[in-house]
Amino acid sequence: MSEASLYERLGGETKIKAFVADILKNHQNNPVISPRYSQAKKSDEELIRLVTALICQGTGGPQTYDGMSMLAAHTGMNVAEAEFVAVLDDILAALRKHGVGEREQAEMLAIAYGMKAEIVHQ
Ligand code: HEM
């Protein structure tokens, strides 16, 4: 019997969308990165929709992410290392708040960390 995908273990799209909304809320309240989000061109709803689709697709769900590549989305922002760590902090806090298991928390952080080279100093 094959093991459940990370998507299934996270509880599928509804659960993922709920913690993504909290990740964005955390960013907007995190002084290290909040100025970035007050300058965002996309609405909160659109950012939540895009990040939810990215996570669903990246964890084994049936959804298709239709947004920009991580490189294209963050090019020109010159994101600092400390900002990247702040995003990871906010992701972890939201996952904990939503009762995501420790193994799934670690897998999510590893996926996010894997995108660092496409996001930092671009
Ligand atoms: C693993 C980490 C990250 C992921 C998965 C991620 C994901 C995304 C996605 C999916 C979008 C929307 C792309 C689109 O418009 O099609 C986006 C936009 C954005 N990201 Fe990130 N991001 C990450 C890290 C960061 C960091 C470290 C910063 C800097 C503080 C940042 C700042 C932004 C901003 C400000 C936007 C909105 C751009 C706009 O609408 O004007 N992101 N991100």
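The rules we used
- One numbering rule holds for all chains: residues counted from 1, following each sequence as written.
- Only residues with pLDDT of at least 70 get local features here, since the model is predicted, and only at 80 or more are side-chain atom pairs given and counted; chain-wide, interface and lining totals rely on the full set of residues.
- Side-chain numbers come from the whole structure's heavy atoms, not from hydrogens or water.
- Coordinating N, O and S atoms are those within 2.8 Å of the metal (3.2 Å for Na, K and Ca), and as water is not part of the atoms, a site may appear to have fewer donors than expected.
- Here a strand is any run of E in DSSP of at least two residues, a helix any run of H or I of at least four, and the numbering for each starts at the N terminus.
- When checking whether two residues touch, look at their non-hydrogen atoms; a contact exists if any pair is within 4.5 Å.
- Proximity is defined per residue: any heavy atom of the residue falling within 4 Å of a molecule or strand makes that residue near it.
- As used in this structure description, the phrase polar contact means that two N or O atoms lie within 3.5 Å; if the pair is within protein, one of them must be able to donate a hydrogen and the other to accept it, and residues adjacent in sequence are counted only when both atoms belong to side chains.
- In this classification, the charged set is Asp, Glu, Lys and Arg, the nonpolar set is Ala, Val, Leu, Ile, Met, Phe, Trp, Tyr, Cys and Pro, and all remaining amino acids, among them Gly, are polar.

This part covers the coordination of the iron atom of the ligand. Here the protein supplies the iron atom of the ligand with just one donor, His74 (NE2), and that contact is 2.0 Å long. Relative to the assigned elements, histidine 74 resides in helix H5 (residues 70-74).

Moving on, we come to the environment of leucine 95. As for its position among the elements, leucine 95 is in helix H6 (residues 81-97). Separated by 79 residues in the primary sequence, leucine 95 and isoleucine 16 place their C-alpha atoms 9.3 Å from one another. Not counting residues up to four positions away in its chain, the partners in contact with leucine 95 are Phe19, Val100, Gln105 and Met108.

Attention now goes to the site of the ligand. Inspection of the region around the ligand gives 23 residues, with Tyr37, Lys41, Lys42, Met68 and His74 positioned closest. One nitrogen or oxygen atom from the side chain of tyrosine 37 is found 3.4 Å from a nitrogen atom belonging to the ligand. If you list the elements that add at least two residues to the shell around the ligand, you get helix H3 (34-38), helix H4 (44-58), H5 and H6. The residue makeup of the shell around the ligand, split by class, is 17 nonpolar, two polar and four charged.

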